[in-house]
Amino acid sequence: MASFLHGARPVLLFLMRVALFGDIHANLEALEVVVADAREQGCTDFVCLGDVVGYNANPAECLDIVRSMNCPVVKGNHDEDAAGDHSLDSMNPTAANALMWTRQQLTEEQREWLRKLRMVRQVSDFTIVHSTLDQPANWNYVTNRFDAMSNFSYQFTQVCFHGHTHVPRVYVKDSKVQEVSADSVVIEPGSKYFINAGSVGQPRDGDWRACYAIYDQESKLVVFRRLEYDIAKTQQKILDAGLPEMLAARLADGR
Ligand code: ZN
């Protein structure tokens with residue numbers, strides 16, 4: 001019998017090797033390198049973990065690329081803020097400045113696409129969310145195993161991928177919850193996994209290279225990929241656009 005999950009997407013037989021990418025943040029050079037690498041790595045499917053826009057200088061271009069992939073996408077907090085007209089006064093001024101600029105770069109139709117993105121989706125045998133499953137609209141940050149515990153109470157698939165902190169990380173729950181930093185992880189029976197795929201366009205783990213993850217459903221292996229891109233070009237575009245200089249500087253620091 002054909003097996004279909006919610007969202008009417010055919011599962012398992014077709015979804016064999018998935019590229020999970022998010023926190024692109026309008027970094028076109030990083031996104032292009034990631035997409036090309038995923039194709040080279042034989043990925044059959046793409047899944048986007050949100051924050052397509054914000055911070056960097058190519059929001060419309062990145063949004064168009066992600067849309068053209070016709071892949072599952074969840075909403076990030078920057079997507080929500082770029083799509084709305086609400087005040088950003090409570091936000092960190094650098095991020096708010098970039099978001100005000102981003103709103104002007106997007107058409108109303110593009111903003112509507114962002115507005116309609118869902119917070120949580122199930123894709124094949126795994127779940128995706130930008131921040132956490134317990135309160136996805138609160139945009140909580142998972143920075144340690146204690147933060148991850150409340151997520152696991154709401155995680156009904158063995159594996160869930162997320163983003164938001166811009167730090168690639170794996171939280172594993174068996175009899176207890178542990179945090180693992182590794183280049184790859186094997187999905188073992190009996191454990192649950194909450195996996196941060198890192199950030200394509202603004203990594204914050206001290207490594208400036210673009211980050212994404214590949215989940216191979218057949219081998220049950222998740223591998224993190226790090227890729228160099230033309231960072232000088234991205235930085236120059238940020239300065240040319242009149243965006244805050246620190247947004248260019250932080251890319252090189254990976255913070
Ligand atoms: Zn982000």
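That block above? That's the structure.
Residues numbered from 1 in each chain as written. Predicted model: local features only at pLDDT ≥ 70, side-chain atom pairs only at ≥ 80, totals over all residues. Heavy atoms only, no water.

> So what exactly am I meant to see when it comes to the overall build of the protein chain here?
The helix and strand tally for the protein chain stands at eight helices and 13 strands. In terms of overall size, the protein chain behaves like a compact globule, its C-alpha atoms giving a radius of gyration of 17 Å where 255 residues would be expected to give roughly 18 Å. Across its three principal axes, the protein chain shows a C-alpha extent of roughly 50 × 35 × 35 Å. For the protein chain, buried positions account for 55% of its 255 residues. In the protein chain, of all internal contacts separated by at least 6 residues, the share reaching a separation of at least 24 is 72%. Here the protein chain displays about 11200 Å² of accessible surface, and carbon together with sulfur accounts for 50% of that area. Between the centroid of the 25 positive side chains of the protein chain and the centroid of its 33 negative side chains there is a distance of 4 Å. (Helix = DSSP H or I, 4+ residues; strand = E, 2+ residues; numbered from the N terminus. Rg over C-alpha atoms; globule rule 2.2 N^0.38 Å. Buried < 20%, exposed > 50% of the residue type's maximum accessible area, 1.4 Å probe, protein only. Contact = heavy atoms within 4.5 Å. Areas by Shrake-Rupley, 256 points an atom, 1.4 Å probe, with all protein chains shown as cover. Lys, Arg positive; Asp, Glu negative; His and termini not counted. Charge placed at Lys NZ, Arg CZ, Asp CG, Glu CD.)

> Before we go on, may I ask you to explain helix α8 (residues 245-253) in this structure?
Owing to its 3.6 residues per turn, the α-helix aligns residues three or four sequence positions apart on the same side. Listed in full, the buried residues belonging to α8 are Leu247, Ala248, Arg250 and Leu251. Taken end-on, α8 shows its buried residues confined to a sector of 165 degrees, consistent with a single buried face. If you follow the buried residues of α8, they end up packed against α4 (93-105) and α7 (231-240). Among the residues trailing α8, Gly254 stands out with phi positive, at a value near 65 degrees. (Arc of directions from axis to C-beta.)

> Explain the pattern of salt bridges to me, please; I cannot follow it from the model alone.
It is possible for side chains bearing opposite charge to pair when their charged atoms get close. A complete count under the given rule lists 14 salt bridges for this structure. With a shortest N-O distance of 3.9 Å, Asp125 and Lys220 are connected by a salt bridge. Note that Asp125 is positioned in the loop between β5 (120-123) and β6 (126-129) and Lys220 in the loop between β12 (210-216) and β13 (221-227), a separation of 95 residues in sequence. The structure contains a network of salt bridges with shared partners spanning Asp85, Glu108, Arg111, Glu112, Arg115 and Lys116. (Salt bridge = Lys/Arg side-chain N within 4 Å of Asp/Glu carboxyl O.)

> Would you mind showing me how to read the nonpolar core here?
Grouped burial of nonpolar side chains is what soluble globular proteins tend to show. Among the nonpolar cores identified, the biggest contains 47 residues, and Phe21, Ile24, Val66 and Leu114 are the most heavily contacted of them. When sequence neighbours within four positions are dropped, the list of residues in contact with Ile24 reads Leu31, Cys48, Gly50, Asp51, Val52, Asn56, Cys62, Val66, Val200 and Gly201. (Core = buried A, V, L, I, M, F, W, Y, C linked by side-chain atoms within 4.5 Å.)

> Any chance you could explain the sheet that holds strand β4 (residues 45-48) here in plain terms?
In sheet architecture, strand pairing relies on hydrogen bonds along the backbone and comes in two forms, parallel and antiparallel. Pairing within the open sheet is mixed, and its five strands lie in the order β4-β3-β12-β13-β10. With partners counted over all chains shown, the strands left at the sheet margins are β4 and β10 (184-186), one partner each. Each adjacent strand pair in this sheet contributes to an overall mean axis angle of 20 degrees, direction not counted. Pairing of strand β3 (residues 17-21) with β12, which is carried by four bridges, proceeds in the antiparallel orientation. Its bridge partner lying in β12, Leu20 is registered against Ala213. Lying on the sheet, helix α1 (residues 28-40) is in contact with β3, β4, β12 and β13; it crosses β12 at an angle near 25 degrees. (Pairing = 2+ DSSP bridges. Axes fitted to C-alpha atoms, helices over the stretch in contact; angles between N-to-C directions.)

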